[in-house]
Structure formats: structure tokens, C-alpha cells
Amino acid sequence: MHEVSLMATAVEVAEMHAREAGGTRIRVMRVRIGAASGVVREALEFAFDAVTVGTMAEGAVFDVQVVPTLCYCSDCSEEFTPASVFRECPTCGSFTADVLQGMEIELASLEVT
Ligand SMILES: [Zn+2]
């Protein structure tokens, strides 16, 4: 995962929303990342500080919410949080589970002034 380019895009989108809302400064930026998305929270926070210099989001509070992985096993209709990257169903041992959440990388909310 390239956290810097990811953050640069996120900040661009955030600035667009802030302008549409008539704001000049982004005070708080909240993002949601899935535990299975491959994004490293610390790297994202570091990237945020780097890419916001000179933007509307410079000095903003950056809030990262990590969404736990949730899988669904179609073999036994069980929802579970996988213990490993192999997503083995703890009930029936199947490896065919679908990921319901945990892959997302999204802008959750903004506070603009
Ligand atoms: Zn199962």
C-alpha cells in the first residue's frame, strides 16, 4: 500500500468537499480503514502530516478509525472475525468465507470552517 499517494488523494477529495461547503479550513478529517485493507495506520498518520502542508487541511486533527474484519461463511452461514489472513471459518473450517467489512479505505467525515 502506498499511504502517501493514498493520503494525497484523500486530502484532494476532502478539499473539494470543503470548498463545496464554503469552507476555507479543514479542522478535523476522519477516515475509516479496514483491518484487512493492508493500510498501516501509523504510516497513514505520517503521510497525512506530510501531504497536508500548504493545503486546507494543514494542522487538522486526523482521526483514523480501524474497522475490524468481518467475514461470512456461506457453508454454514456464520459471521466471524478471522484469526488469520486465511479467513478460516471457526465453525466449519471452510476457507471460502466472503469479507463483509474490513477492506474499506474511506473518508468518514470532515469538520470545516
Ligand atoms: Zn463455516
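Cut-off values and rules
Residues numbered from 1 in each chain as written. Predicted model: local features only at pLDDT ≥ 70, side-chain atom pairs only at ≥ 80, totals over all residues. Heavy atoms only, no water. Helix = DSSP H or I, 4+ residues; strand = E, 2+ residues; numbered from the N terminus. Rg over C-alpha atoms; globule rule 2.2 N^0.38 Å. Buried < 20%, exposed > 50% of the residue type's maximum accessible area, 1.4 Å probe, protein only. Contact = heavy atoms within 4.5 Å. Areas by Shrake-Rupley, 256 points an atom, 1.4 Å probe, with all protein chains shown as cover. Donors = N, O, S within 2.8 Å, 3.2 Å for Na, K, Ca; no water. Core = buried A, V, L, I, M, F, W, Y, C linked by side-chain atoms within 4.5 Å.

A. How the structure looks around the overall build of the chain. If you tally the helices and strands in the chain, you get two helices and six strands. Counted from the first residue to the last, the chain has its helices and strands arranged as α-β-α-β-β-β-β-β. For the chain, whose C-alpha radius of gyration is 17 Å, the value lies well above the compact-globule estimate of 13 Å for 113 residues. When each of the 113 residues of the chain is scored for burial, the buried share is 33%. Looking at the chain alone, contacts between residues at least 24 apart form 69% of all its contacts between residues at least 6 apart. Summing over all exposed atoms, the chain offers an accessible surface of approximately 6,600 Å²; the carbon and sulfur share of this is 53%.

B. Highlighting the coordination of the zinc ion. Distances from the zinc ion to its protein donors, C73 (SG), C76 (SG), C89 (SG) and C92 (SG), fall within 2.3 Å. In primary sequence terms, the donor set of the zinc ion follows C-x2-C-x12-C-x2-C. On the accessibility criterion, C89 (2% relative accessible area) is buried. Under the relative-accessibility criterion, C92 is labelled partly exposed at 40%.

C. The nonpolar core, seen in detail. Within the largest apolar cluster, 19 residues are counted, with the highest numbers of intra-cluster contacts made by M7, V11, I26, M29, L44, F48 and F62. For this core, the element with the highest residue contribution is helix α1 (residues 3-20), accounting for five residues.

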